[in-house]
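Residue-level structural notes
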Amino acid sequence: MTVKISNKIVGYRVKKADPEATSEAAVAPKPENTPVQMNEYIERPDFLLGTTYKIKPPVAEHAMYITINDILLNEGTDHESRQPYEVFINSKSMEHFQWVIALTRVISAVFRKGGDVTFLVEELRSVYDPNGGYFKKGGVFMPSLVAEIGAVIEKHLKAIGLLESEEMSETTKRILAEKRAEFEASHTTATNDDKASDYPANATMCGKCSTKAVIVMDGCATCLSCGDSKCG
């Protein structure tokens, strides 16, 4: 609360802290085994766990190597966790040098800030190239190079347990394998030289997983990659 002094100041003294309150604060019990949460004040250790991913987008002349380093928090306790700490992207190509450096610094800053960093995946994967996207090996559509970097970060976050992996059951895998075999048996497929995807040549793109793997069997559109189906 602000107090207005209307009279002339003729003297002052420094108020000392209450000794009883100070002693109580000194002996106050501190919480034990409190897990350390990721925050920007944690100093970078000499050793970090790192994983490097290689991508070769058709929009870049050379391959790009994405390295994500993780820090191990609360090591040896029940609260041990592996958190992303920094990211580096290296390539022989200098075409994207400036924005790649800027992107890695921003992402690394978000990692070190702590909290829920999984939002980065959605933000990066929603970036679209005005010149159009491309299909990577396996028939997965990428709307931009930034989106593919986001896909790599998503893969890494799943590997260290910060994101859950959506895995199909064995029954679903068996049904999709049967559908694929039946479809390929009844349709003429492309030759190996023309085949750029692991799925039938006339398959269409899936709106859920962005993979060119949707076929129509018995009037039902089904994705052979993620199992998404319009028939439930």
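In the nomenclature of an unreviewed UniProt entry, the protein chain corresponds to ribonucleoside-diphosphate reductase from the organism Marinobacter albus. Word for word, the UniProt comment on the protein chain under Sequence similarities (unreviewed entry) is "Belongs to the ribonucleoside diphosphate reductase class-2 family." UniProt annotates the protein chain under Catalytic activity (unreviewed entry) with the comment "a 2'-deoxyribonucleoside 5'-diphosphate + [thioredoxin]-disulfide + H2O = a ribonucleoside 5'-diphosphate + [thioredoxin]-dithiol".

**Points about the layout of surface pockets**
The volume enclosed by the largest pocket comes to roughly 1,100 Å³. Along its surface, the largest pocket is lined by 30 residues, and R125, V140, E154, K158 and C209 are the ones closest to its centre. Counting only elements with at least two residues in the lining of the largest pocket, the list comes to strand 1 (49–55), strand 5 (140–142) and helix 4 (145–159). Among the residues forming the lining of the largest pocket, the class breakdown is 14 nonpolar, five polar and 11 charged.

**Topic: the sheet that holds strand 3 (residues 81–91)**
Strand order in the open sheet formed by three strands is 1-2-3, with antiparallel pairing between adjacent strands. Two strands lie at the open edges of the sheet, namely strand 1 and strand 3, each paired on one side alone. The average angle at which neighbouring strand axes cross in this sheet is 20°, direction not considered. Bridging between strand 1 and strand 2 (residues 64–73) involves seven bridges; their strand directions are antiparallel. If you follow T52 over to strand 2, its bridge partner there is T67. Lying on the sheet, helix 2 (residues 97–113) is in contact with strand 2 and strand 3; it crosses strand 3 at an angle near 175°. Along the sheet face, helix 4 touches strand 1, strand 2 and strand 3 and points at about 140° away from the line of strand 1.

**Focus: the pattern of salt bridges**
Taken as a whole and assessed by the stated rule, the structure comprises six salt bridges. Across the salt bridge formed by E86 and R44, the nearest N and O atoms sit 2.7 Å from each other. Linking E86 in strand 3 with R44 in the loop between helix 1 (19–27) and strand 1, this pair joins segments that are 42 residues apart in sequence. For the salt bridge of R125 with E154, the shortest nitrogen-to-oxygen distance reads 2.5 Å. Of this pair, R125 sits in helix 3 (residues 119–125) while E154 sits in helix 4; the two residues are 29 residues apart in sequence, bridging distant segments of the chain.

The rules behind the values
- Residues numbered from 1 in each chain as written.
- Predicted model: local features only at pLDDT ≥ 70, side-chain atom pairs only at ≥ 80, totals over all residues.
- Heavy atoms only, no water.
- UniProt positions renumbered as here; feature names shortened; annotations may be inferred.
- 1 Å grid on protein atoms, 1.4 Å probe; cavity = no way out; pocket = protein on both sides within 12 Å on 5 of 7 lines; lining within 4 Å.
- Points joined across faces, edges and corners; volume = space filled by probe spheres on them.
- Helix = DSSP H or I, 4+ residues; strand = E, 2+ residues; numbered from the N terminus.
- Nonpolar A, V, L, I, M, F, W, Y, C, P; charged D, E, K, R; others polar.
- Pairing = 2+ DSSP bridges.
- Axes fitted to C-alpha atoms, helices over the stretch in contact; angles between N-to-C directions.
- Contact = heavy atoms within 4.5 Å.
- Salt bridge = Lys/Arg side-chain N within 4 Å of Asp/Glu carboxyl O.

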